[in-house]
Amino acid sequence: MRVVIAEDSVLLREGLTRLLTDRGHDVVAGVGDAEGLLKAVRELADQGAPPDVVVADVRMPPTHTDEGVRAAVRLRKDHPGIGVLVLSQYVEEQYATELLAGSSRGVGYLLKDRVAEVREFVDAVVRVARGGTALDPEVVAQLLGRSRKQDVLAGLTPREREVLGLMAEGRTNSAVAKQLVVSDGAVEKHVSNIFLKLGLAPSDGDHRRVLAVLTYLNS
């Protein structure tokens, strides 16, 4: 897996690099600001060797407000084949919404605290690189909380909402079953009911898993 890391903290950037390289991944560039991120990805793409995934901080120089997420949104538009995983100190709903709007492929939003959970963090990076989704449980909880207020998910049972939250984190049906200590069949039934209640037809394909969580974004 080829990775570009964008993080203005040298210590954290080097730590992420070591964490990924120790597990056999190739960090092809490390930059400290959004402009450097866009330039690095553009140059790698021009060389015919784009990264598989970008890991970027939400807040970067010069203003430390939204440069990182703005760059991430632009990358998703200009290079849709590259996964984008954003790291944030806190749950910032506006940024999460901007990042997750549109295509549901290859996108992630995690709190920086999750980096300490090394195995789960690396799994999330790999999942996003492969076109999957990785959402922090705190992000999911906040977004689903807003969705309930908007009655988007009002028709779901508490258990179905619980399953939906785990799906949003990028977990497979088997992983959801293990977390909830139920059978795979029970989870499959819940997932089918979620799709049905949210009006997501089979023709929507595999992305129904993500669309089920992100339906509220367009509401």
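As the structure is a computational prediction, the values presented were derived from the model and not from experiment. (Residues numbered from 1 in each chain as written. Predicted model: local features only at pLDDT ≥ 70, side-chain atom pairs only at ≥ 80, totals over all residues. Heavy atoms only, no water.)

Student: Help me out: how do you make sense of the pairing of strand β1 (residues 2-6) in this one?
Tutor: Successive side chains on a regular strand alternate, one facing one side of the sheet and the next facing the other. Buried residues dominate β1, accounting for four of its five residues. Summarising the sheet, β1 and strand β2 (residues 26-31) pair through five bridges and their orientation is parallel. From the neighbouring strand, Val4 faces β2, where its bridge partner is Ala29. In terms of handedness, the path from β1 via helix α1 (residues 10-21) over to β2 forms a crossover that is right-handed. Sheet analysis places β1 next to strand β3 (residues 53-57), joined by four bridges and oriented parallel. Directly across from Ala6, in β3, lies its bridge partner Ala56. (Buried < 20%, exposed > 50% of the residue type's maximum accessible area, 1.4 Å probe, protein only. Helix = DSSP H or I, 4+ residues; strand = E, 2+ residues; numbered from the N terminus. Pairing = 2+ DSSP bridges. Right-handed = clockwise from strand over helix to strand, strands pointing away.)

Student: I would appreciate a short explanation of helix α3 (residues 67-78) in the present structure.
Tutor: Given 3.6 residues to a turn, an α-helix orients residues that are three or four positions apart in the same direction. In this model α3 runs 16 Å from its N-terminal to its C-terminal C-alpha over twelve residues, within 8% of the 16 Å that 1.5 Å per residue would give. The inward-facing, buried residues of α3 abut α2 (34-46), β3, β4 (83-88), α4 (93-100) and β5 (107-111). (Expected span 1.5 Å × (residues − 1). Contact = heavy atoms within 4.5 Å.)

Student: Please clarify how the packing of helix α8 (residues 173-180) against helix α9 (residues 184-197) should be interpreted in this entry.
Tutor: Geometry of a packed helix pair, given as the angle between the helix axes and the separation of the axes. Remark: α8 packs on α9, axes separated minimally by 8 Å, with the N-to-C direction vectors making an angle of 110 degrees. In terms of orientation, α8 and α9 fall into the roughly perpendicular class. Seen from above, α8 lies across α9 with right-handed handedness. Counted together, Asn173, Ser174, Val176 and Ala177 of α8 and Asp184, Val187, Glu188 and Val191 of α9 form the full contact between these two elements. In terms of residue class, the contact of α8 with α9 is made up of four nonpolar, two polar and two charged. (Axes fitted to C-alpha atoms, helices over the stretch in contact; angles between N-to-C directions. Parallel < 35°, antiparallel > 145°, perpendicular 65-115°, else oblique. Left-handed = near helix turned anticlockwise from the far one by under 90°. Nonpolar A, V, L, I, M, F, W, Y, C, P; charged D, E, K, R; others polar.)

Student: What is the right way to read the side chain of Asp66 from this model?
Tutor: Inspection of the secondary structure assignment puts Asp66 in the loop between β3 and α3. The class of Asp66 is buried, set by a relative accessible area of 19%. Within the structure, Asp66 has its side chain in polar contact with the side chain of Thr65 (distance 3.4 Å). Residues in contact with Asp66, not counting those within four places in the same chain, are Val58 and Tyr95. (Polar contact = N/O pair within 3.5 Å; in protein donor to acceptor, adjacent residues only side chain to side chain.)

Student: What exactly am I supposed to notice about the nonpolar core here?
Tutor: General note: in soluble globular proteins, nonpolar side chains tend to be found buried as a group. With 31 residues, the main nonpolar core has Leu37, Val54, Leu75, Val86, Leu99 and Tyr109 as its most contacted residues. Sort the elements by how many residues they give to this core and α2 lands first, with six residues. Counting residues in hydrophobic clusters, the runner-up holds 20 residues, among them Val27, Val53, Val128 and Ala129. (Core = buried A, V, L, I, M, F, W, Y, C linked by side-chain atoms within 4.5 Å.)

Student: Can you help me understand the UniProt feature "modified residue: 4-aspartylphosphate" (unreviewed entry) in the chain in this one?
Tutor: UniProt's feature table lists "modified residue: 4-aspartylphosphate" (unreviewed entry) at Asp57, given in the numbering used throughout. Summarising the element assignment, Asp57 is placed in strand β3. Look at Asp57 and you get buried, because its relative accessible area is 5%. Once residues lying within four places of it in the same chain are set aside, the contact partners of Asp57 are Ala6, Glu7, Asp8, Gly68, Val69, Leu87 and Lys112. (UniProt positions renumbered as here; feature names shortened; annotations may be inferred.)

Student: Which parts of the structure should I look at to understand the sheet that holds β1?
Tutor: The strands making up a sheet are joined through hydrogen bonds of the backbone, oriented either antiparallel or parallel. The six strands are arranged β2-β1-β3-β4-β5-β6 in an open sheet whose pairing can be described as parallel. With one partner strand each, in any of the chains shown, β2 and β6 (133-135) form the two edges of the open sheet. Neighbouring strand axes in the sheet, compared pairwise and without regard to direction, differ in orientation by 20 degrees on average. Two strands pair when backbone bridges link them, and β5 and β6 are joined in this way by three bridges, in the parallel orientation. Each residue of the ladder has a partner; that of Val107, found in β6, is Thr133. Across the face of the sheet, helix α5 (residues 118-129) comes into contact with β3, β4, β5 and β6 while running at roughly 145 degrees to β4.

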